[in-house]
Every structure is written in C-alpha cells, then in structure tokens.
Amino acid sequence: MTTLLIADDHPLFREALRGAVQRVMPGMRLHEADSVDALYALVEAHPDADLLLMDLNMPGAHGFNALVHLRALHPQLPVVIVSAREEPTVMRRALDHGALGFIPKSADSDTIGQAIGAVLEGERWAPASALGAPAIGQDEYEVAQRLRDLTPQQFRVLQMLGSGSLNKQIAYELSVSEATIKAHVTAILRKLGVTNRTQAVLMAGKLSVDPVAASDLVLPDGD
C-alpha cells in the first residue's frame, strides 16, 4: 500500500488535500504533520514512505531551507511542494533544490492526482511556466550545498538564530546547556564558511522565498 505524508500547518488545507488524494487514489495511507519539527519526526517514523507533499510556509520552515535539509537527510523520499506561491521563479527554485514536483494550491483534484501519479512513477511534474523559468544561480546552489552539511541539531539552531533567539533561549528551548549551543554555533560558522551569526543567518536567508536584505536584518549579540 502506498504511503503518503502531508506537511502543512493549515488544518483545512490538509483536509482538502487529503480528500483530493483519496478521491483520485483511494486506499492510500496518509500521515500528517503541521510543522517542520513534526515533519522530521514523521519521516523518521515512516522511513519507507513513498511521497511527501510539503508546504513551503509552515512553522520551522524558512523558504527552501527545510526542503534542502530534508533532501540531505532523506534522499530516498520524493518531495512535492504544494504552495500558494505560484510564481514561475519560486516553482523553479523548488525543483532546483531537490523537489520532484510543484503543485499550486489552486490546482483541482484531477491535476493533483496527475502530479502525484507522475512523481510516483519517477517523473518530475510542475506547471510549464516553472520549467521555463531560469535556473538558480551558482551562489544559491553553493549555499544549499553548505546547508546540507549541517546536522539536524545544527540546522535547528541556525533556524532559531534566524528568528533572533539568544544562545540561552535556544539552550532552554532545546533542553541543552548554553555551552552546547555555543559549540553548535561554532560548528555552523565553520561549515558555512562565515565568521559570525549575522553572516550565517544572511547566508541561510539566500534560500528564503523572498530573501531579506542585510539592512533589514537585526540580530542580538550571541549571548
């Protein structure tokens, strides 16, 4: 039996997507997550899942960062992005960062079924406008490659740095010592090839759907 994972923070959309999938592919087993952390746990619990339908915008997701990290951790799991962001460049970036498909949230159930069926057959599926958009640049590709080297805990710390959290706040949230967080930050800086947390967050921000300019970024001191 085919197993499909759905990750989206909106219960009504998960329900609508679940209904669309069940109409075109009855009997498929479905499991759901409403955040990136819940998604990671879900994938660990179902390592043999056949497909993941994943929203770009949900708690813990910052643009394409979660997609890149998930593809590094679980390269065997096909991922299809399902998003309200339907600009051709956004769809093309998702494909270039490892998604095998992109389904606009405006798609009808027949289109959803066609897309899922194609990806399950090993093909790539996206609207024609996405395939005609320019590919990502070398700079964005290199940032993605560096993010792939982060461990799951380092990736979580980087995400929390991006939200402006202090080391002690991150330590409390993750139930570890502040010294452990400092060690993670040091490792993150080394793997990303930067010298401070602001540069690290700016680098990760290059994979945002709408990248944040350096002038718009305000981070607290490390402590």
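Throughout this document, residue positions are counted from 1 along each chain, in the order its sequence is written. Side-chain atom pairs in this predicted model are given and counted only at pLDDT of 80 or more, local residue features only at pLDDT of at least 70, and totals for whole chains, interfaces and linings cover all residues. Side-chain descriptors were evaluated using all non-hydrogen atoms of the structure, hydrogens and water having been removed beforehand.

### Digging into the side chain of Arg14
Right, so step 1: Think of it this way: any DSSP run of H or I at least four residues long counts as a helix, any run of E at least two long counts as a strand, and we number them from the N terminus. Inspection of the secondary structure puts Arg14 in helix α1 (residues 11-24).
Right, so step 2: By relative accessible area, which is 13% here, Arg14 ends up buried.
Right, so step 3: In what follows, residue pairs with any heavy atoms lying within 4.5 Å of each other are defined as contacts. Ignoring sequence-local partners within four residues, the contact set of Arg14 consists of Ile6, Asp8, Asp9, Glu32, Ala33 and Asp34. Relative accessibility under 20% of the residue-type maximum defines a buried residue, over 50% an exposed one, and the middle range a partly exposed one, all with a 1.4 Å probe and only protein chains included.

### Observations regarding the packing of helix α8 (residues 152-162) against helix α10 (residues 178-192)
Right, so step 1: Lines fitted to C-alpha atoms define the axes here, with helix axes fitted over just the stretch in contact, and angles between the N-to-C directions of these axes take values from 0 to 180 degrees. The contact between α8 and α10 brings their axes to 10 Å, and the two run at 90°. Classified by the interaxial angle, the pair formed by α8 and α10 is roughly perpendicular. In this structure, α8 contributes Gln153, Gln154, Val157, Leu158 and Leu161 to the contact, and α10 contributes Ile181, His184, Val185, Ala187, Ile188, Lys191 and Leu192.
Right, so step 2: Taken together, the residues of the contact of α8 with α10 sort by class into 8 nonpolar, 3 polar and 1 charged. Orientation labels follow simple angle bins: below 35 degrees gives roughly parallel, above 145 gives roughly antiparallel, 65 to 115 gives roughly perpendicular, and whatever is left gives oblique. Each residue gets one label: Ala, Val, Leu, Ile, Met, Phe, Trp, Tyr, Cys and Pro are nonpolar, Asp, Glu, Lys and Arg are charged, and the others, such as Gly, are polar.

### Notes on the sheet that holds strand β1 (residues 3-7)
Right, so step 1: Between any two strands, pairing holds if DSSP finds at least two bridges. Ordered by their spatial adjacency, 5 strands build an open sheet running β2-β1-β3-β4-β5, and the pairing between neighbours is parallel. In this open sheet, the two edge strands, each paired with only one partner strand, are β2 (29-33) and β5 (101-104). Across this sheet, the average inter-strand angle for adjacent strands is 20°, counted without regard to direction.
Right, so step 2: Here strand β3 (residues 51-54) runs beside strand β4 (residues 79-83); their pairing, made up of 3 bridges, is parallel. Paired with Leu52 across the two strands is Val79, which belongs to β4.
Right, so step 3: Set on the sheet, α1 makes contact with β1, β2, β3 and β4; between it and β2 the angle comes to about 165°.

### Considering the domain arrangement of the chain
Right, so step 1: Each domain of the chain was delimited in the assignment, giving domain 1 (3-132) and domain 2 (138-206).
Right, so step 2: On a C-alpha basis, the centres of domain 1 and domain 2 stand 25 Å from each other.
Right, so step 3: By convention, the term buried area covers the 1.4 Å-probe accessible surface removed from two parts as they join, with the contributions of both added. Here domain 1 packs against domain 2, burying approximately 1,100 Å² in sum over the two surfaces, 53% of which is carbon and sulfur.
Right, so step 4: Salt bridges are identified by distance alone: a Lys or Arg side-chain nitrogen within 4 Å of an Asp or Glu carboxyl oxygen. In this assembly, domain 1 and domain 2 are joined by 2 salt bridges.
Right, so step 5: A salt bridge links Arg156 to Asp37; the shortest N-O distance between them is 3.3 Å.
Right, so step 6: Polar contact is defined as a pair of N or O atoms within 3.5 Å, subject to the rule that within protein one atom must be able to donate a hydrogen and the other to accept it, and that residues adjacent in sequence are counted only when both atoms are side-chain atoms. If you look at where domain 1 meets domain 2, you find 5 residue pairs in polar contact (both at pLDDT 80 or more).
Right, so step 7: Among the secondary structure elements, those contributing two or more residues to the side of domain 1 that touches domain 2 are α2 (36-45) and α3 (65-73).
Right, so step 8: Residues that form the side of domain 1 that touches domain 2 fall into these classes: 6 nonpolar, 5 polar and 3 charged. Segmentation into domains, and thus their bounds, comes from an automatic or database assignment.

### Side note on the environment of Met58
Right, so step 1: Here Met58 lies in the loop between β3 and α3.
Right, so step 2: Each residue touching Met58, except ones within four places of it in the same chain, is listed here: Ala7, Asp8, Asp9, Asp34, Ser35, Val36 and Leu39.

### Describing α10
Right, so step 1: What a helix is expected to span follows from its residue count: subtract one and scale by 1.5 Å. Helix length check: α10 (15 residues) gives 21 Å between terminal C-alpha atoms against 21 Å at 1.5 Å per residue, within 8%.
Right, so step 2: Among all positions of α10, only Ile181, His184, Val185, Ala187, Ile188, Leu189 and Leu192 are buried.
Right, so step 3: Looking at the buried residues of α10, the elements they touch are α7 (138-147), α8, α9 (167-174) and α11 (197-205).
Right, so step 4: Gly193 sits one or two residues past α10 and shows a positive phi near 75°.

### A short note on the nonpolar core
Right, so step 1: In this description, a nonpolar core means a group of buried Ala, Val, Leu, Ile, Met, Phe, Trp, Tyr and Cys residues linked to one another through side-chain atoms lying within 4.5 Å. Formed by 54 residues in total, the largest nonpolar core has its most connected members in Leu39, Leu52, Met54, Ile81 and Leu158.
Right, so step 2: Of the domains in this structure, domain 1 (3-132) and domain 2 (138-206) are the two that each give at least three residues to this core.
Right, so step 3: In this structure, Ala20, Val82, Ala115 and Ile116 belong to the second largest nonpolar core, which totals 21 residues.

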